[in-house]
4 protein chains.
Amino acid sequence: MAITGVLRPGHFQMRVLDLQQSIDFYTNVIGLKEMGRDTQGRVYFKTQDERDHNSFIIREADEAGVDFVGFKVADQATLDKLDADLRAYGVHTERIAAGEMLETGERVRFEIPTGHQIELYAEKTDVGNGMPYVNPEVWVPDAKGINPVRFDHCLLYGPDIDGARKIFEDVLGFYLVEHVLMDDGEADLAIWLTCSNKAHDIAFVRHPEPGKLHHVSFLLESWEQVLRAADIMSMNRVSIDIGPTRHGVTRGTTIYAFDPSGNRFETFCGGYQTYPDQQPIKWTFDQVGPAVFYHDRKLNERFLSVVS
Amino acid sequence: MAITGVLRPGHFQMRVLDLQQSIDFYTNVIGLKEMGRDTQGRVYFKTQDERDHNSFIIREADEAGVDFVGFKVADQATLDKLDADLRAYGVHTERIAAGEMLETGERVRFEIPTGHQIELYAEKTDVGNGMPYVNPEVWVPDAKGINPVRFDHCLLYGPDIDGARKIFEDVLGFYLVEHVLMDDGEADLAIWLTCSNKAHDIAFVRHPEPGKLHHVSFLLESWEQVLRAADIMSMNRVSIDIGPTRHGVTRGTTIYAFDPSGNRFETFCGGYQTYPDQQPIKWTFDQVGPAVFYHDRKLNERFLSVVS
Amino acid sequence: MAITGVLRPGHFQMRVLDLQQSIDFYTNVIGLKEMGRDTQGRVYFKTQDERDHNSFIIREADEAGVDFVGFKVADQATLDKLDADLRAYGVHTERIAAGEMLETGERVRFEIPTGHQIELYAEKTDVGNGMPYVNPEVWVPDAKGINPVRFDHCLLYGPDIDGARKIFEDVLGFYLVEHVLMDDGEADLAIWLTCSNKAHDIAFVRHPEPGKLHHVSFLLESWEQVLRAADIMSMNRVSIDIGPTRHGVTRGTTIYAFDPSGNRFETFCGGYQTYPDQQPIKWTFDQVGPAVFYHDRKLNERFLSVVS
Amino acid sequence: MAITGVLRPGHFQMRVLDLQQSIDFYTNVIGLKEMGRDTQGRVYFKTQDERDHNSFIIREADEAGVDFVGFKVADQATLDKLDADLRAYGVHTERIAAGEMLETGERVRFEIPTGHQIELYAEKTDVGNGMPYVNPEVWVPDAKGINPVRFDHCLLYGPDIDGARKIFEDVLGFYLVEHVLMDDGEADLAIWLTCSNKAHDIAFVRHPEPGKLHHVSFLLESWEQVLRAADIMSMNRVSIDIGPTRHGVTRGTTIYAFDPSGNRFETFCGGYQTYPDQQPIKWTFDQVGPAVFYHDRKLNERFLSVVS
């Protein structure tokens, strides 16, 4: 198969400070669909257009942040093989039984050297996107809020991003698309990795504290939808960090904003199609400004300092 | 690797009736960059944003149409393996020496049951997209004409599309994304296949004559660029077949038009991201209208009859 | 005042074959807001963003078509003056009492030489656009359907368009923006007139039958909204005449489609800003194709033949 | 006439610190066309799409800022009448002979209570927009840089904005579209005035120093062109003040940036169509943030402090 192994970022579990307020926010402002709740009190969402049962899960906690990121793999045999490959690579893994998450099969969980929990799974119930698989329309008209296309990727902050990269590249088949160097001109400050033709499926920034979340990102269909998203954020008094603007890295257009718990999220569009035979793009430390915010050509203070 | 084997449609060679007129057309109207000519009289083009040396090649002939479609594979070992796999599958292949096409490595060529010549290759010189790999800008300002992002895919007409599909699926790792049924409700009238996350990398329509070309497609960045493309076509008195409009299949937006030789080309944008775990979308024969042209909900006469 | 006299096309009354079906259509597909019904059985609509109580009125009849087009004038004194000016010009006028239409002041009605009923009025209740006049947001989130910005203009078919033009220019202060000549190179086949900076506030095509409607037009905000409108039409099985495409005249982007009664309507965007000191643009008869449909460069059969 | 008196902002003369650097900037980055130079050393520009000979004039000086803003009026009789009306209103006017500016007729100049020089004129040579007045295309393909549609308006800072408003309203026929109140809830901090259907033709902010320029504004065609403008600014290392973003006032989308002399300019798109019968929108002082920058909902420091 041309696409095998890890297919895509499939689910993302995040901590919020007030569950009901967050349900309101993700339902009405972001426009996700609530798909169910489990006995642990977790609430499951998907975008309108996603076909699998859930992609974004929140639970109430004292502190905001990310619990884990899950990647869907091609099938159960792939799951078993990648589990074995991880162990052979020296990564401790654990199995979480099917059904621990709603409508989701068995998961393989492991911690990466940035301190984040990563999961692989092969099964999640196909509930469709509200349109039939025979003779569908092109979109579903009853959208609410920003209405993103999909949970797209996340940017994680932690110390050993080189160690994380090695696992993603050597075991999981990801490849480097872009990177920003530290001021020593050697080490990486930030890396963007993909397992697909998307410009990024996960990204890391070097940061002293482990396990931190910079942002979770939702894909929009067009630059006009980015404007509409910013309008909806303003109408709902969402705190915008920056945007609408464009990244130099991936060329994507973007808004960063904060959810009611202080978790940063991104609504973004674009980014080029990429392939593993293409050489990565490198940004030197003095150009981190245009790399991240191409129009302003400088970072705002919050970008490097505020994480959850 | 998550992406292995066949990476993408990489080159497309087409016959034109008048070489100079076609060079003018593809340079000034489509906005491709001429990259070189060879001793066979072939002229090589790429889009501004493509990084490999060439993707679109024309040669003068008495009849318009497609010579062959080439797919880039991950590396030489993959090329050798796929060659062996094809032979094992009963497909006759031949090797074409490196350098027979400008800046292109060894190719494996074979004919598929629709009567088309398909090629695989692993090497084509990386000449870049006009921006450095260190600290690039987001686009190159001196664009001409329609200025597509890339050669994206083609739609081929021929008799045994089932046989073609089997090779693409069983040997080359493609998967079916959408299909339209014949009026018998069983056989496929049209199939859309991909080896990536793009909604299609190649497509076929069942048609009595072998080896025919319906269209070669160039990707645009946005629906506004589709409008701009239609404007440029009108300014240059290009014969538009249909569009701007939207496909039901892939949801992409599109214009079909004819080059000076009567080869149909498409400038299109969008189409969803797809994955091999997602079930294909099926269109019944009575809904071929909205499947192909979602707004008009009917085919224009030319769509099924005019091929080159 | 820089803008005086006639301000804008303010209301449009149209005949429909089935009232309930049309209410559903204009409410759910076009996305107008129903504002009230009167004792004559007429149903009043406005767009979300219009501030006056109504702009689009339908009544059930045996035949589709236009009843009358109303223009709002600056104030009552202007109404009286224009009434006197019309009479002085030899146009028979009649007064219709305030309140004959819901929330609408006294109207001056007259017939123009194309056989259409035109009205002037100075008062219509300001009901707002759903946002306060103090510290508003930028749009109202609960839109339905296509959700146009405003009733924008109409194109009327009738015999003596020169006579109509003279009244609009000499008495009502409109000016010619563009025109298409007949094949004699002298007379006008079509004229676009405005009383504002909009590229057209009313247009006429020469046609043997008097009093006919080619289309009533609703303004959209962007080319992306034109695509969305076409999608919504397809989802609702609305018969699209042509589009999305662009006009040469006014440069506006457009879709023509038919309501359930066979009345043609347009959803369009753009068109340049114009001023009375700018010379009109002329199209010769052989270029009527690109004048009307810039991309196809030819008229479709229906454009000149199907009117209601 | 429905549109009489003052037609539009027609020319704008600005001081720059280095003439050649500014010519390069306005030609290559903004994409204006140089139309000529006069014996005073002034350089004249127009946008590609403007039809009159010039709209934007620069001259070298020790200090950046605005020299004067000129409005085109309907004809010479209107010019004479408005001159008389201004004098009758107590405004001192002077006549500047035809030809003092290239291809421009006689001008009536006067100072308004904000300390700015305003001009009226009736004649400027129609040189066209690069397309014929018979059978034109829809745009001219050889655009450079940002390529705005037109010089649209300016925002001036000065002390007595009430006095300026009275002249624009009482004598020149402008009307108030939006205003922001001071913290006393009575006086205006900022006013947006128009003589047309455009959401603003001139605007003022109350400021202690007279005769200051906040920005000169160029119109773009779409939100995508706003993105493209920001990209071009970044490529050319233009200092962006803020944007792309949206104004609450007028709902227009915008970028503010600085020319090489420190003059702020705006590239903006949109803004609703307005009419003199519509009540103005009011913003209270505590909502000046969303009024000016709808997404961020707060002013950046520079907006109120940096003027030229």
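Residues numbered from 1 in each chain as written. Chains lettered and ligands numbered in written order. Predicted model: local features only at pLDDT ≥ 70, side-chain atom pairs only at ≥ 80, totals over all residues. Heavy atoms only, no water.

Trainee: Describe the sheet that holds strand E16 (residues 264–269) of chain B, listing the residues and the values that go with them.
Mentor: All names here are of chain B. Taken in spatial order, the 9 strands of this open sheet run E14-E15-E16-E13-E9-E12-E11-E10-E17, and their pairing is mixed. The open sheet has two edge strands with one neighbour each: strand E14 (239–246) and strand E17 (281–283). Pairwise comparison of adjacent strand axes, ignoring direction, gives a mean angle of 15° for this sheet. Two elements, strand E15 (residues 253–258) and E16, share 6 bridges in a ladder whose sense is antiparallel. When the bridges of E16 are listed, Ala 257 appears paired with Phe 265. (Pairing = 2+ DSSP bridges. Helix = DSSP H or I, 4+ residues; strand = E, 2+ residues; numbered from the N terminus. Axes fitted to C-alpha atoms, helices over the stretch in contact; angles between N-to-C directions.)

Trainee: Before we move on, can you summarise empty space enclosed by the protein with the specific residues and values?
Mentor: Evaluation of the coordinates by the stated rule reveals 16 cavities of 30 Å³ or more. What the largest cavity holds in volume is close to 310 Å³. Taken together, 20 residues line the largest cavity, and the ones lying closest to its centre are Gln 278 of chain A together with Asp 49, Glu 50, Arg 51 and Arg 150 of chain B. Contributions of two or more residues to the lining of the largest cavity are made by strand E1 (6–16) and strand E9 (150–158) of chain B. Here the lining of the largest cavity takes 3 residues from E1 of chain B, the largest share from any one element. (1 Å grid on protein atoms, 1.4 Å probe; cavity = no way out; pocket = protein on both sides within 12 Å on 5 of 7 lines; lining within 4 Å. Points joined across faces, edges and corners; volume = space filled by probe spheres on them.)

Trainee: Got a sec to walk through the sheet that holds strand E4 (residues 56–60) of chain C? Specific residues and values, please.
Mentor: Residues and elements named next belong to chain C. Judged by pairing direction, the sheet is mixed, and its 8 strands sit side by side in the order E2-E3-E4-E1-E5-E8-E7-E6 without closing on themselves. With partners counted over all chains shown, the strands left at the sheet margins are strand E2 (33–37) and strand E6 (93–96), one partner each. Strand-to-strand twist across the sheet, computed as the mean angle between neighbouring axes with direction ignored, equals 25°. Sheet topology note: the E6/strand E7 (residues 107–111) ladder contains 4 bridges and is antiparallel. Paired with Thr 93 across the strands is Phe 110, a residue of E7.

Trainee: Any details on the relation of the copies chain C and chain D? Residues and values, ideally.
Mentor: The two chain copies are related to each other by a rotation about an axis together with a translation along it. Taken as rigid bodies, chain C and chain D are interconverted by a rotation of 180° and an axial shift of 0.0 Å, the fit giving an RMSD of 0.0 Å. Classification of the inter-copy transformation places it as that of a two-fold axis. Closest approach to the rotation axis within chain C is made by the C-alpha atom of Ile 3 of chain C, at a distance of 2.4 Å. A shared binding surface is used by both copies, with 100% of the interface residues of chain C retained as interface residues in chain D. (Least-squares fit on C-alpha atoms with pLDDT ≥ 70 in both. Contact = heavy atoms within 4.5 Å.)

Trainee: An account of the interface of chain B and chain A is needed here, citing residue identities and associated values.
Mentor: Each partner contributes to the interface: chain B provides 49 residues, whereas chain A provides 49 residues. Carbon and sulfur atoms supply 50% of the area that chain B and chain A bury against each other, a total of about 4,500 Å² over both sides. Here Asp 49 of chain A makes a salt bridge to Arg 251 of chain B, at a shortest N to O gap of 2.8 Å. Among the elements of the structure, E1 and E17 of chain B are those that each provide at least two residues to the side of chain B that touches chain A. A breakdown of the residues in the side of chain B that touches chain A according to their chemical character gives 22 nonpolar, 13 polar and 14 charged. (Buried area = accessible area lost by both parts, 1.4 Å probe. Salt bridge = Lys/Arg side-chain N within 4 Å of Asp/Glu carboxyl O. Nonpolar A, V, L, I, M, F, W, Y, C, P; charged D, E, K, R; others polar.)

Trainee: If you had to explain the relation of the copies chain B and chain A to someone new, which residues and values would you point to?
Mentor: Of the transformation superimposing chain B on chain A, the axial component is 0.0 Å and the angular component is 180°, with the fit at an RMSD of 0.0 Å. Taken as a fraction of all interface residues of chain B, those also at the interface in chain A reach 100%, which identifies the copy contact as same-surface.

Trainee: Account for the side chain of Arg 107 of chain C, naming residues and giving values.
Mentor: Residue and element names in this part refer to chain C. Mapped onto the fold, Arg 107 is located in strand E7. For Arg 107, a relative accessible area of 0% corresponds to the buried category. Only 2.8 Å separates the side chain of Arg 107 from the side chain of Glu 119, close enough to count as a polar contact. Setting aside chain neighbours within four positions, we find Arg 107 in contact with His 11, Phe 68, Glu 94, Arg 95, Ile 96, Glu 100, Met 101, Glu 119, Leu 120 and Tyr 121. (Buried < 20%, exposed > 50% of the residue type's maximum accessible area, 1.4 Å probe, protein only. Polar contact = N/O pair within 3.5 Å; in protein donor to acceptor, adjacent residues only side chain to side chain.)

Trainee: So what about the interface of chain C and chain D? Which residues, and what values?
Mentor: Taken residue by residue, the interface counts 49 residues in chain C and 49 residues in chain D. Counting the surface chain C buries against chain D, the share from its top three residues, Ala 2, Val 138 and Arg 251 of chain C, is 15%. For the pair chain C and chain D, the number of links is 8 salt bridges. Taken together, the links from chain C to chain D amount to 25 residue pairs in polar contact (both at pLDDT 80 or more).

Trainee: Please provide a residue-by-residue account of the UniProt feature "domain: VOC" (unreviewed entry) in chain A, values included.
Mentor: Residue and element names in this part refer to chain A. Taking the UniProt record as the reference, the feature "domain: VOC" (unreviewed entry) is found at residues 8–123 and 150–270. The straight-line gap between the two end C-alpha atoms of residues 8–123 is 13 Å; of that span, 21% is helix and 40% is strand. As annotated, residues 150–270 has a helix share of 20% and a strand share of 46%, and its two end C-alpha atoms lie 13 Å apart. (UniProt positions renumbered as here; feature names shortened; annotations may be inferred.)

Trainee: Describe in detail helix H3 (residues 161–171) of chain A, supporting the description with residues and values.
Mentor: Given 3.6 residues per turn, any residue in an α-helix points the same way as the ones three and four places further on. All names here are of chain A. Considered for burial, the residues of H3 that qualify are Ile 161, Gly 163, Ala 164, Ile 167, Phe 168 and Val 171. Angularly, the buried residues of H3 cover 165° about the axis, an arc narrow enough to put them on a single face. Just downstream of H3, Gly 173 is the residue with a positive phi angle, here 80°. (Arc of directions from axis to C-beta.)

Trainee: Can you lay out the packing of helix H4 (residues 223–235) of chain A against helix H4 (residues 223–235) of chain D for me, pointing to particular residues and giving the numbers?
Mentor: Their axes nearest at 9 Å, the elements H4 of chain A and H4 of chain D cross at an angle of 95°. Relative to H4 of chain D, the element H4 of chain A is oriented roughly perpendicular. Between H4 of chain A, through Trp 223, Glu 224 and Leu 227 of chain A, and H4 of chain D, the contact on the second element is made entirely by Trp 223, Glu 224 and Leu 227 of chain D. A breakdown of the residues in the contact of H4 of chain A with H4 of chain D according to their chemical character gives 4 nonpolar, no polar and 2 charged. (Parallel < 35°, antiparallel > 145°, perpendicular 65-115°, else oblique.)

Trainee: Give me the lowdown on a negative patch on the surface, citing residues and values where you can.
Mentor: Residues and elements named next belong to chain A. On the surface, a cluster of negative charge is made up of Asp 18, Asp 24, Glu 60, Asp 62 and Glu 63. Along the polypeptide, Asp 18 turns up in the loop between strand E1 (6–16) and helix H1 (19–29). Asp 18 gets classed as partly exposed once you look at its relative accessible area, which sits at 34%. (Patch = residues over 30% accessible without salt bridge, like charges linked within 9 Å, V, L, I, M, F, W, Y side chains within 5 Å. Areas by Shrake-Rupley, 256 points an atom, 1.4 Å probe, with all protein chains shown as cover. Lys, Arg positive; Asp, Glu negative; His and termini not counted. Charge placed at Lys NZ, Arg CZ, Asp CG, Glu CD.)

Trainee: Which residues make up H1 of chain A, and what values go with them?
Mentor: Residue and element names in this part refer to chain A. Those residues of H1 lying buried are Leu 19, Ser 22, Ile 23, Phe 25, Tyr 26, Thr 27 and Val 29. The opening residue of H1, the one whose side-chain oxygen lies 3.1 Å from the backbone nitrogen of Gln 20, is Asp 18. Gly 31, located one to two residues past H1, shows a positive phi value of around 85°.

Trainee: Account for the pairing of E1 of chain A, naming residues and giving values.
Mentor: Residues and elements named next belong to chain A. Most of E1 sits out of view: 11 of its 11 residues are buried. In terms of strand pairing, E1 meets strand E4 (residues 56–60) through 5 bridges, oriented parallel. If you follow Met 14 over to E4, its bridge partner there is Ile 58.

Trainee: Lay out the environment of Thr 39 of chain B in plain terms, naming residues and giving numbers.
Mentor: Residues and elements named next belong to chain B. Examined against the element boundaries, Thr 39 turns out to sit in the loop between strand E2 (33–37) and strand E3 (43–46). Exposure remark for Thr 39: the relative accessible area of 85% places this residue in the exposed category. Through-space distance from the C-alpha of Thr 39 to that of Tyr 175 is 38 Å; in sequence the pair is 136 residues apart.

Trainee: Lay out the pattern of salt bridges in plain terms, naming residues and giving numbers.
Mentor: If you walk through the whole model with that rule in mind, you get 117 salt bridges over all chains. Between Asp 85 of chain C and Lys 81 of chain C there is a salt bridge, with its nearest N and O atoms 2.6 Å apart. Separated by 4 residues within a single helix, Asp 85 of chain C and Lys 81 of chain C lie in helix H2 (residues 76–88), roughly one turn from each other. A salt bridge links Glu 106 of chain D to Arg 95 of chain D; its shortest N-O distance comes to 3.0 Å. You can see Glu 106 of chain D sitting in the loop between strand E6 (93–96) and strand E7 (107–111) and its partner Arg 95 of chain D sitting in strand E6, a full 11 residues away along the chain. Overall, the relative accessible area of 26% leaves Glu 106 of chain D in the partly exposed class. Using a relative accessible area of 34% as the deciding quantity, one classes Arg 95 of chain D as partly exposed. Connected through shared salt-bridge partners, Asp 38, Arg 42, Glu 100, Arg 107, Arg 109 and Glu 119 of chain A make up one network.

Trainee: Could you give an account of the side chain of Thr 27 of chain C, with specific residues and numbers?
Mentor: All names here are of chain C. Here Thr 27 lies in helix H1 (residues 19–29). For Thr 27, a relative accessible area of 17% translates into the label buried. Each residue touching Thr 27, except ones within four places of it in the same chain, is listed here: Leu 32, Phe 45 and Lys 144.

Trainee: Tell me what's going on with the packing of aromatic side chains, and back it up with residues and numbers.
Mentor: Tallying each qualifying case throughout the model produces 54 aromatic pairs over all chains. On the basis of an interplanar angle of 70° and a centroid distance of 5.4 Å, the ring pair of Phe 56 of chain B and Phe 218 of chain B is categorised as edge-to-face. Taken as a pair, Phe 56 of chain B in strand E4 (residues 56–60) and Phe 218 of chain B in strand E13 (residues 212–219) lie far apart in primary sequence, 162 residues in all. Between Phe 71 of chain C and Phe 174 of chain C the ring centres are 5.5 Å apart and the planes differ by 90°, which places this aromatic pair in the edge-to-face class. Taken together, the residues span a long stretch of sequence, with Phe 71 of chain C in strand E5 (residues 65–73) and Phe 174 of chain C in the loop between helix H3 (161–171) and strand E10 (175–181) at a distance of 103 residues. As far as the burial class goes, Phe 71 of chain C and Phe 174 of chain C line up, both buried. Through successive ring pairs, a cluster of aromatic residues spans Phe 12, Phe 25, Tyr 26, Phe 45, Phe 56, Phe 151, Phe 218 and Phe 265 of chain A. Positioned above the aromatic ring of Tyr 121 of chain B is the side chain of Lys 124 of chain B, whose terminal nitrogen or guanidinium carbon lies 4.7 Å from the ring centre. Over the aromatic face of Tyr 275 of chain D sits the side chain of Arg 8 of chain C, whose NZ or CZ is 4.6 Å from the ring centroid. (Phe/Tyr/Trp six-rings, centres within 6.5 Å; stacked < 30°, edge-to-face > 60°. Lys NZ or Arg CZ within 6 Å of the ring centre and 35° of its normal.)

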